[in-house]
Amino acid sequence: MTRLRFGFVLVPLLMVSTAGLADYYEYVAPDLSPMYHSKAYTWGINRTWSDLEVVQGATLYITGLRDSTYNDRLYISLLDEAPLGVTELSDPVSGNVDYFAGLGTPLLTLANIPSYPSTNIAYQLTADEIEALNSYASNWRFAVAFDPDCQYYTDCAIKLGVCTSAIPEPTAMAFLAVGGGLLALRRNRRNRKVANVA
């Protein structure tokens, strides 16, 4: 009976200490259509999840993407920071060259997107990219960068969905450690009693 009592005490404590800290956040870019070949774009984002959460997954959504010609590239990267909102930069380099190469974490390169029908993209960030996102967002700001090497259009706003989970608090971990120790001690004493009786 004592062992069960410890369990009933520890579980609610852990639930209370980490409750409500896992969540889903959605960020919507201001209008990024059209994206011109002679430009590059940054989308600076203020992080809204707390220091008690860590990103577990993220998906970049581009709905209704269309390209004006064939054999083009759209480079998309994750940056440590950029001015908030969408910033348009001059990109004087011609050809298929990523303006942001070496400046952050490349996410994906889209090629040969047709002008019709439009293409929907839902790109899930890899584990390494999630690690970079957590690192970049630790200063409360991060950015997504776009370098269109020709002209691209989108039918809807570009979105970034971020899933977080709670980081176990030190007090919760301490409760678990103490509770586990008490359960082990109780089991050990019970086993000794059984051994002595036998």
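The sections below set out a description of the structure shown in this document.

Comments concerning the sheet that holds strand E2 (residues 39-46)
So, step 1. Across the sheet, which stays open at both edges, the five strands sit in the order E5-E2-E8-E4-E6 with antiparallel pairing between neighbours. Each edge of the open sheet carries a strand with a single partner, namely strand E5 (85-90) and strand E6 (105-111). If you compare each strand with its neighbour and ignore which way they point, the axes differ by 20° on average.
So, step 2. Relative to E6, strand E4 (residues 73-79) runs antiparallel, the two being bridged by six bridges. Opposite arginine 73, over in E6, you have alanine 111 as the bridge partner.

What to know about the environment of alanine 127
So, step 1. Counting through the fold element by element, alanine 127 comes out in helix H2 (residues 127-136).
So, step 2. Take alanine 127: its relative accessible area is 64%, and that puts it in the exposed class.
So, step 3. Each C-alpha atom of the pair alanine 127 and alanine 58 lies 9.8 Å from the other, and the pair is 69 residues apart in sequence.

Some thoughts on the packing of aromatic side chains
How two aromatic rings sit relative to each other is given by the distance of their centres and the angle of their planes.
So, step 1. For the structure shown, the criterion picks out five aromatic pairs.
So, step 2. Consider the rings of tyrosine 25 and tryptophan 49, whose centres lie 6.1 Å apart with planes at 50°: the pair is tilted. Of this pair, tyrosine 25 sits in strand E1 (residues 24-28) while tryptophan 49 sits in the loop between E2 and strand E3 (53-67), placing them 24 residues apart in sequence.
So, step 3. On the accessibility criterion, tyrosine 25 (15% relative accessible area) is buried.

Some thoughts on the nonpolar core
So, step 1. Counting 36 residues, the largest nonpolar core has Trp43, Ile76, Leu78, Phe142, Phe146 and Leu160 as the members making the most contacts within it.
So, step 2. Considering each element in turn, this core owes the most residues, five residues, to E3.
So, step 3. If you look at the next biggest cluster of nonpolar residues, it comprises six residues, including Leu79, Ala82, Phe100 and Ala145.

Considering H2
So, step 1. All of the buried residues along H2 are Glu129, Ile130, Ala132, Leu133 and Tyr136. In a view along the axis of H2, the buried residues occupy a sector of 160°, so they form one face of it. For H2, the exposed residues set more than 90 degrees away from the buried face come down to Ala127, Asp128 and Glu131.
So, step 2. Buried residues along H2 sit against E3, E4, E6, strand E7 (119-124) and strand E8 (141-149).

Quick notes on the rules
- Residues numbered from 1 in each chain as written.
- Predicted model: local features only at pLDDT ≥ 70, side-chain atom pairs only at ≥ 80, totals over all residues.
- Heavy atoms only, no water.
- Pairing = 2+ DSSP bridges.
- Helix = DSSP H or I, 4+ residues; strand = E, 2+ residues; numbered from the N terminus.
- Axes fitted to C-alpha atoms, helices over the stretch in contact; angles between N-to-C directions.
- Buried < 20%, exposed > 50% of the residue type's maximum accessible area, 1.4 Å probe, protein only.
- Phe/Tyr/Trp six-rings, centres within 6.5 Å; stacked < 30°, edge-to-face > 60°.
- Core = buried A, V, L, I, M, F, W, Y, C linked by side-chain atoms within 4.5 Å.
- Arc of directions from axis to C-beta.
- Contact = heavy atoms within 4.5 Å.

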